[in-house]
Amino acid sequence: MEYHGTTILAVRHKGRAAVAGDGQVTLDKNVVKHRARKVRRIYNDKIIVGFAGATADALNLSERLEQKLERYNGNLTRSAVELARDWRTDKYLRRLEAIMVAVDEECIYLISGNGDVIEPDEGIVAIGSGGVAAQAAATALIDNTDLDARGIVEKAMKIAAAICIYTNDTITIEEI
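So, a few notes on the structure that sits alongside this text.

The rules behind these values
Residues numbered from 1 in each chain as written. Predicted model: local features only at pLDDT ≥ 70, side-chain atom pairs only at ≥ 80, totals over all residues. Heavy atoms only, no water. Helix = DSSP H or I, 4+ residues; strand = E, 2+ residues; numbered from the N terminus. Rg over C-alpha atoms; globule rule 2.2 N^0.38 Å. Buried < 20%, exposed > 50% of the residue type's maximum accessible area, 1.4 Å probe, protein only. Contact = heavy atoms within 4.5 Å. Areas by Shrake-Rupley, 256 points an atom, 1.4 Å probe, with all protein chains shown as cover. Lys, Arg positive; Asp, Glu negative; His and termini not counted. Charge placed at Lys NZ, Arg CZ, Asp CG, Glu CD. Expected span 1.5 Å × (residues − 1). Pairing = 2+ DSSP bridges. Axes fitted to C-alpha atoms, helices over the stretch in contact; angles between N-to-C directions. Core = buried A, V, L, I, M, F, W, Y, C linked by side-chain atoms within 4.5 Å.

Let us now look at the overall build of the chain. When you go through the chain residue by residue, the secondary structure sums to four helices and twelve strands. For 176 residues, the compact-globule estimate of 2.2 N^0.38 gives 16 Å, and the chain sits close to it at 15 Å. Considered along the principal axes of its C-alpha atoms, the chain spans approximately 40 × 40 × 25 Å. Looking at the chain as a whole, 50% of its 176 residues are labelled buried. Pairs at least 24 apart in sequence give 60% of the contacts found in the chain among residues at least 6 apart. As presented, the chain carries roughly 9,000 Å² of accessible surface, and 44% of it is formed by carbon and sulfur atoms. Of the charged side chains in the chain, 23 are positive and 26 negative, and the gap between their average positions amounts to 5 Å.

Following this line, the structure appears as structure tokens:
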């Protein structure tokens, strides 16, 4: 059986950042959960993470990122690079099947098990099944509306939910 059901979108716009995640979890061809929480705050509520992939793996990575943040005094850039390095080189971590987005007051990063720590040029990054639709919608909304970051992620996620069968419109949003 194959798990689907995640769309995570992070946007930095007008001096604010917002991260949204849908709530749908799909097992094979069935929706098994509508209100999963795939976006959360870590490190004294200063960092927002969103994850796609196996839940236990994603939570493990979130905890490891928080440990790195503790070690490097909340420096998200250094912590993300160290996590990606460990993820790529550690035999146990290499098997984790997840990808994450991490956001603080200054940075947005996509962090993967391939060793990637990517900061998007336009302040928009999306992952998961409906990520392409959400990112395209967010880009259009930034260019053509006066919405703030929260308004953009909310509207873009609704657009993605209308297009992607693995994304629903039960959305969790965290904002910095």
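Let's pick the thread back up.
This brings us to helix α1 (residues 55-71). Structural remark: α-helix, 3.6 residues per turn; residues separated by three or four positions point the same way. Its 17 residues give α1 an end-to-end C-alpha distance of 24 Å, which sits within 8% of 24 Å, the value for a rise of 1.5 Å per residue. Among the structural elements, β6 (39-42), β7 (47-53), α2 (76-89) and β8 (98-103) are those in contact with the buried residues of α1. N73 sits one or two positions beyond α1 and adopts a positive phi of about 55°.

Time to look at the sheet that holds strand β3 (residues 16-22). Read from one edge of the open sheet, four strands run β11-β2-β3-β12, paired in antiparallel fashion. Edge positions in the sheet fall to β11 (124-128) and β12 (171-175), since each of these pairs with one other strand and no more. Neighbour to neighbour, the strand axes of the sheet diverge by 10° on average, direction disregarded. Pairing between strand β2 (residues 7-13) and β3: six bridges, direction antiparallel. Looking at β3, one finds that I8 is bridged to G21. Its contacts with the sheet put helix α3 (residues 131-144) on β2 and β11, and the angle it makes with β11 is roughly 160°. Along the sheet face, helix α4 (residues 149-163) touches β2, β3 and β12 and points at about 150° away from the line of β2.

Okay, the sheet that holds strand β10 (residues 117-118) next. Strand order in the open sheet made by the five strands is β6-β7-β8-β9-β10, with antiparallel pairing throughout. Single-partner strands in this sheet number two, and they are β6 and β10. In this structure, strand β9 (residues 108-111) lies alongside β10, joined through two bridges in antiparallel fashion. Counterpart to L110 in the pairing with β10 is I118. Against the sheet, α2 makes contact with β7, β8, β9 and β10, and its axis sits at roughly 5° relative to β9, the strand it touches most.

Our focus in this paragraph is the environment of A10. Residue position: A10 is located in strand β2. Given a relative accessible area of 0%, A10 falls into the buried group. C-alpha of A10 to C-alpha of G123: the two residues are 113 residues apart in sequence and 7.8 Å apart in space. Apart from the residues within four sequence positions on either side, A10 is in contact with A18, V19, V101, V103, I108, G123, I124 and V125.

By size, the foremost hydrophobic cluster in this structure holds 22 residues, and its most contacted members are L65, L76, M100 and I111. Secondary structure elements with two or more residues in this core: β7, α1, α2, β8 and β9. The leading source of residues in this core is α2, at five residues. With near-sequence residues (within four places) excluded, L65 lies in contact with I42, V49, L76, S79, A80, L83, M100 and A102.

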